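# Coordinate analysis (summary)
Below are the chains, spelled out letter by letter.
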Amino acid sequence: MGAPVPFIDLQAQYHRLKPQIDARMHAVLDHGQFILGPEVAEFERALGEFAGGTHVIGVSNGTDALMMALLVQDIGPGDAVYVPSFTFTATAEAVLMLGATPVFVDVLEDSCNLDADDLVRAISQTKGLRPKAVIAVDLFGLPADYQRIGAVAAAHGMQLIADAAQSMSGAIDGVRVGKLAPLTATSFFPAKPLGCFGDGGALFTSDTEMAEKLRSIRGHGTGKAKYDIVRIGMNARLDTLQAAILLVKLTVLEQERSNREKLSRYYDSRLSNMVPVPARPAGYQSAWAQYTIQLDHRDRVQAALSKSGIPTQIYYPRPMHLQPAYAGYGGGAGSLPASENLSRKVLSLPMHPYMPEEVAARICDALCAAVRAGE
Ligand SMILES: *Cc1c(COP(=O)(O)O)cnc(C)c1O
């Protein structure tokens, strides 16, 4: 067994960017404006430009960003919000925190993203609630099918929200995440494609009025004057220090995406004739937050890899509609078959922009041996 491989390697990135990040952080320590200091607005401008020209509102984390996306559209009790069952908890949690009802929708087994046809089914079966919004998740970095999901939402007079926590730097036909939906929420949790050194998040919108409301909500619902409270808000600001760090990391995001892309192509070349590898819909650019394969004997293969010093992760071992805390909102086992199948089969391999090729080769060698051992 060789040296243990890291699942993601944040140290490698910090090592490369250390002089710039340290300088930016020290500048904040020197000016001392820790709350909404100048770096926050500077980062919001830079990220808005990166996304192709949108307003960006820096916030405290991705979960708060999702809650704010619902709050700004007055979504609450009596409203149905459609979310994929195969996602991270926060997508559905935000809906319940607002008093609205999550309705779980199945995903497509190849892309792992929301199935527009199943969304139509779920809307048609909704009783006693107003179909109000759909949150599409860009799982593992691959943007959801915004064209089809957006068309279904529009046909039912519903809002479309993008949960892009995993997909910063992804795109469809050259249009970057942040501009694919009228309102997009993202996260800067350290392990995400654009991560900070703590918690952080952002919202994207091209609607100037909505952007102003979101800025107000982020700071307790203030109006023009500081103690003029015009709506119910939150304390959901992005820290100045995190914005300073993100400003540096944003400069290498596209290069890092291209490194991740290269690693994903290498994984494909070694694995695609053996196991289902991630979907690559035409025109879609994934941020490659994860490289996730599907295995029939997943747990056995994972154990064999672990013995070889190769860490893997299961995102996610249980679909939301079967989670104990959410079971009351779902249709039980068998109701969303693709989400249930995926949770039994998925395995995410180590993925980060600075993985040396010999490490990638070792991972593939071990994986091929583990899969063959079970044949
Ligand atoms: C990480 C994540 C979130 C929540 O982001 P936090 O910043 O951790 O609150 C929401 N949705 C998805 C799909 C995520 O992966």
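Residues numbered from 1 in each chain as written. Predicted model: local features only at pLDDT ≥ 70, side-chain atom pairs only at ≥ 80, totals over all residues. Heavy atoms only, no water.

### Considering the sheet that holds strand β6 (residues 171-172)
Here three strands make up an open sheet; going across it, the order is β7-β6-β10 and the pairing antiparallel. Across the chains shown, the open sheet's two edge strands, defined by having one partner strand only, are β7 (175-176) and β10 (284-285). Bridge analysis of β6 against β7 gives two bridges, and the strand direction is antiparallel. Considered in β7, the bridge of Ile172 is made with Val175. (Pairing = 2+ DSSP bridges. Helix = DSSP H or I, 4+ residues; strand = E, 2+ residues; numbered from the N terminus.)

### Here's the deal with the site of the ligand
The ligand sits among 14 residues. The nearest are Gly62, Thr63, Asp163, Ser187 and Lys192. Take Asp163: an N or O atom from its side chain is 2.8 Å from a nitrogen atom of the ligand. Bound to the protein, the ligand loses 93% of the 380 Å² it would expose on its own. Going through the elements one at a time, α3 (62-71) and α4 (90-97) are the ones with two or more residues in the shell around the ligand. Broken down by class, the residue content of the shell around the ligand amounts to four nonpolar, eight polar and two charged. (Near = heavy atom within 4 Å. Polar contact = N/O pair within 3.5 Å; in protein donor to acceptor, adjacent residues only side chain to side chain. Areas by Shrake-Rupley, 256 points an atom, 1.4 Å probe, with all protein chains shown as cover. Nonpolar A, V, L, I, M, F, W, Y, C, P; charged D, E, K, R; others polar.)

### Re the packing of aromatic side chains
All told, the structure shown has 10 aromatic pairs when counted by the stated rule. Taken together, the ring pairs connect Phe7, Phe86, Phe88, Phe140, Tyr315 and Tyr316 into an aromatic cluster. Arg176 extends its terminal NZ or CZ atom over the ring of Phe50, reaching a point 3.7 Å from the ring centre. Sitting above the plane of the Phe88 ring, Lys192 keeps its charged end 5.7 Å from the centroid. (Phe/Tyr/Trp six-rings, centres within 6.5 Å; stacked < 30°, edge-to-face > 60°. Lys NZ or Arg CZ within 6 Å of the ring centre and 35° of its normal.)

### A word on the packing of helix α5 (residues 116-124) against helix α6 (residues 146-155)
Where α5 contacts α6, the two axes come as close as 9 Å, and the packing angle between them is 15°. Classified by the angle their axes make, α5 and α6 are roughly parallel. Between α5 and α6 the crossing geometry is right-handed. Seen from α5, the contacting residues are Ala116, Asp117, Leu119, Val120 and Ile123; seen from α6, they are Arg148, Ile149 and Val152. (Axes fitted to C-alpha atoms, helices over the stretch in contact; angles between N-to-C directions. Parallel < 35°, antiparallel > 145°, perpendicular 65-115°, else oblique. Left-handed = near helix turned anticlockwise from the far one by under 90°. Contact = heavy atoms within 4.5 Å.)

### What to know about the sheet that holds strand β5 (residues 159-163)
Adjacent strands of a sheet pair through backbone hydrogen bonds, lying either parallel or antiparallel. With mixed pairing, seven strands are arranged side by side in an open sheet as β1-β9-β8-β5-β4-β2-β3. Across the chains shown, the open sheet's two edge strands, defined by having one partner strand only, are β1 (55-59) and β3 (101-105). Here the average twist between neighbouring strands, direction ignored, is 25°. Helix-sheet contacts for helix α2 (residues 38-50) involve β1 and β9 (201-205), and the interaxial angle to β1 is about 130°. Running over the sheet, α5 touches β2 (79-84), β3 and β4 (130-137) and is turned about 135° from β3.

### What about helix α7 (residues 208-218)?
Of all the residues in α7, the buried ones are Met210, Ala211, Leu214, Ser216, Ile217 and Arg218. Looking at the packing, one finds that the buried side of α7 touches α2, β1, α3, β8 (183-187) and β9. Two residues or fewer past α7, His220 is found with a positive phi of approximately 70°. (Buried < 20%, exposed > 50% of the residue type's maximum accessible area, 1.4 Å probe, protein only.)

### Here we look at helix α1 (residues 10-31)
A rise of 1.5 Å per residue sets the reference length of α1, with its 22 residues, at 32 Å; its end C-alpha atoms lie only 27 Å apart and thus fall more than 12% short of the reference. At Leu17, α1 shows its maximal kink, close to 75°; a proline, Pro19, follows between one and four residues later. Burial in α1 covers these residues: Ala12, Gln13, Leu17, Ile21, Asp22 and Val28. Elements in contact with the buried residues of α1: α2, α8 (240-250) and α9 (253-271). N-cap assignment for α1: the residue whose side-chain oxygen lies 3.4 Å from the backbone N of Gln11 is Asp9. Just downstream of α1, Gly32 is the residue with a positive phi angle, here 75°. (Expected span 1.5 Å × (residues − 1). Bend = angle between axes of the 7 residues up to and from the residue.)

### Here's the deal with the side chain of Ser216
By secondary structure assignment, the location of Ser216 is in helix α7. For Ser216, the side chain forms a polar contact with the main-chain oxygen of Thr222, separated by 2.8 Å.

### Notes on the nonpolar core
In this structure, Phe43, Leu47 and Tyr82 are the most contacted members of the largest nonpolar core, which totals 42 residues. Contacts of Leu47, omitting those with residues within four sequence positions, involve Val56, Met168, Phe188, Leu194, Ala202, Phe204 and Leu250. If you look at the next biggest cluster of nonpolar residues, it comprises 38 residues, including Val275, Trp288, Ile293 and Val371. (Core = buried A, V, L, I, M, F, W, Y, C linked by side-chain atoms within 4.5 Å.)

### Examining the domain arrangement of the chain
Per the domain assignment, the segments of the chain are domain 1 (10-250) and domain 2 (253-373). Once you take the C-alpha centre of each, domain 1 and domain 2 turn out to be 24 Å apart. With 45 residues of domain 1 at the contact, the number on the domain 2 side is 35 residues. Roughly 3400 Å² is buried in total at the junction of domain 1 and domain 2, and carbon and sulfur atoms are behind 62% of that figure. Of all residues in domain 1, Phe86, Glu109 and Phe140 bury the most surface against domain 2, accounting for 21% of the area lost on that side. In this structure, the connection of domain 1 to domain 2 is made through one salt bridge. Glu254 serves as the salt-bridge partner of Arg176, at 3.0 Å between the closest nitrogen and oxygen. Of all the secondary structure elements, the ones that give two or more residues to the side of domain 1 that touches domain 2 are α1, α4, β3, α5, β6 and α8. Per-element tally for the side of domain 1 that touches domain 2: the top contributor is β3, with four residues. (Domains from an automatic or database assignment. Buried area = accessible area lost by both parts, 1.4 Å probe. Salt bridge = Lys/Arg side-chain N within 4 Å of Asp/Glu carboxyl O.)

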